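# Examining the three-dimensional arrangement
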Amino acid sequence: MTDTPALPPPPGDLALPERLARAIALGGPIPVSQFMAAANAHYYATRDPLGTAGDFTTAPEISQMFGELIGLWAADLWDRAGRPDVHWVELGPGRGTLTTDALRAAARAGFAPPVHLVETSPVLRARQAERVPAATWHDDVEDLPTDRPLIVIANEFFDALPIRQLVRGRAGWHERIVACQDTLFLPIAGAAVPDAVIPDDLRDAPPGAIIETSPASVGIMRVLAARIVAQGGALLAIDYGYEGPAIGETLQAVRGHAFANPFEEPGERDLTAHVDFATLGLVGTASGASVAGPVGQGAFLTALGIGARAKALGPRVTTDRDRLVDDMGTLFKALSIRHPAWPQPAGFA
Ligand code: SAH
C-alpha cells in the first residue's frame, strides 16, 4: 500500500492569508484587484472599523454637520425637481450616521423618503439597523427598486472598491499581480497588456510607473447612471481622489489610524485607493446623465452653508468644521450626476 498524502483542509476552514497563499500556490499569482477584493470583503465582514477605537474615521463620524448638509442638499434638489416620490439610497453606509443625520435635517423640509442601504457587511448592517431600523438592505445596486427616482449618496464608498494596477516594465505595460513566498505577499509584474489599453499620454512613462483603474467602480457607476437616466434622480459621491487617468500608486492600507503595507495581513487592514473622478464623470456622461463637479469638499460644504451651521452649533464644533473644510478640503472631492431634466444640485457653482 502506498502512503497517500493527507489532503489539505478545505479552503473554508482556513484564515484568509492561508486561503490566498493556497490559491496562489495552486493557480499562480492573482491580480491586485482580486487580492484587494478578497482582503476588503473579509475586513468589512468581520468588524466595525470606524471611530477612534477602530482603524479610521470618516466625515460623518467627525461631525453631524456633514450628514445634515447632505440631507439639506438632497431636500433642496428634490424640492426644485417638483417634490416627486423618491427613494433615498446610501452606498456603504458604515454606521448609518450620514443617513441618520441627513434625514433628521431633511425631515424639517418635508423630505422623508423610504431608505435603502447597499451594504455587504453583516456586522455593519447590524450597526445600521440600530440607527435606521426601517431601512431596506441590498447586497448590490442591481437590486435597488425601479419604481421611483433615486437619490443616491456614496461617502468613502468607491475608495474601498478593488482597483487593478498596471505597471510599466522596460519594454511595455504589465498587469500587476500578487505572488506569495511562504506567507509573504508581494506585488510583481505579470502578463503583458496591450499598449492600446494605456492612455496615449501615459504610455511612455518610465519603468516602474503604475496606473490604477477601478473596473468595479465603473461597473457600479454605469448601473446607477442608467437607473437615474431611466427613473430620474441624482447621485452624490464624495471621496478622496483625482481627475485621472494618471501615473501613481494610491493603494494604501490603514490600521489603528496609521499607514501600513497593503500587501501584509490581508483582511486585517483597510485597503483603499484614490477615486478617479474624471472617469466616474465620463461614465455618467456616456450614460446620458448630466454631471456636476468634481469640486473640493471644502468648497462644496462652504457653498452648502457649513459656516452658518457651525456658528449655530457654537464654538465646540470649530475644529470639526476646520477638519471637514480645510484638512479634507481639496483632496476630498464631490461629484454629482443627475437625470438631464433634474435641476443642477447645490454646491457646484
Ligand atoms: N460611508 C461610511 C462608511 C465608509 S467605509 C462613512 O463615511 O462613514 C466603506 C463602507 O462600504 C462600509 O460600510 C463597507 O462595509 C462598505 N462596502 C465596502 N465594499 C462594499 C461593496 N462591494 N458593496 C457594498 N458595500 C461595500
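Structure first, text after, so check above.
Residues numbered from 1 in each chain as written. Predicted model: local features only at pLDDT ≥ 70, side-chain atom pairs only at ≥ 80, totals over all residues. Heavy atoms only, no water.

### Comments concerning the pattern of salt bridges
For the structure shown, the criterion picks out 19 salt bridges. With a shortest N-O distance of 3.2 Å, Glu268 and Arg47 are connected by a salt bridge. On the criterion of sequence distance, the pair formed by Glu268 in the loop between strand S12 (258-260) and strand S13 (270-272) and Arg47 in the loop between helix H2 (32-45) and helix H3 (59-62) is long-range, its members being 221 residues apart. As a salt-bridge pair, Glu264 and Arg269 come within 3.4 Å of each other at their nearest N and O atoms. Of the residues examined, Glu264 reaches a relative accessible area of 36% and is grouped as partly exposed. Among the residues examined, Arg269 registers a relative accessible area of 10% and is labelled buried. Taken together, the shared-partner salt bridges in this structure form one network comprising Asp48, Glu61, Arg95, Arg127 and Glu130. (Salt bridge = Lys/Arg side-chain N within 4 Å of Asp/Glu carboxyl O. Helix = DSSP H or I, 4+ residues; strand = E, 2+ residues; numbered from the N terminus. Buried < 20%, exposed > 50% of the residue type's maximum accessible area, 1.4 Å probe, protein only.)

### A word on the sheet that holds S12
In space, the 3 strands of this open sheet follow the order S12-S11-S13, with antiparallel pairing throughout. Sheet topology places S12 and S13 at the edges, where each strand pairs with a single neighbour. The average angle at which neighbouring strand axes cross in this sheet is 40°, direction not considered. (Pairing = 2+ DSSP bridges. Axes fitted to C-alpha atoms, helices over the stretch in contact; angles between N-to-C directions.)

### Overview of the site of the ligand
In the neighbourhood of the ligand, 17 residues make up the surrounding shell, with Thr58, Gly92, Gly94, Glu119 and Asn155 lying closest. One of the side-chain N or O atoms of Thr58 is found 2.5 Å from an oxygen atom in the ligand. Between Asn155 and the ligand, the recorded distance is 2.7 Å, taken from a backbone N or O atom to a nitrogen atom. For the shell around the ligand, the per-class residue count stands at 8 nonpolar, 6 polar and 3 charged. (Near = heavy atom within 4 Å. Polar contact = N/O pair within 3.5 Å; in protein donor to acceptor, adjacent residues only side chain to side chain. Nonpolar A, V, L, I, M, F, W, Y, C, P; charged D, E, K, R; others polar.)

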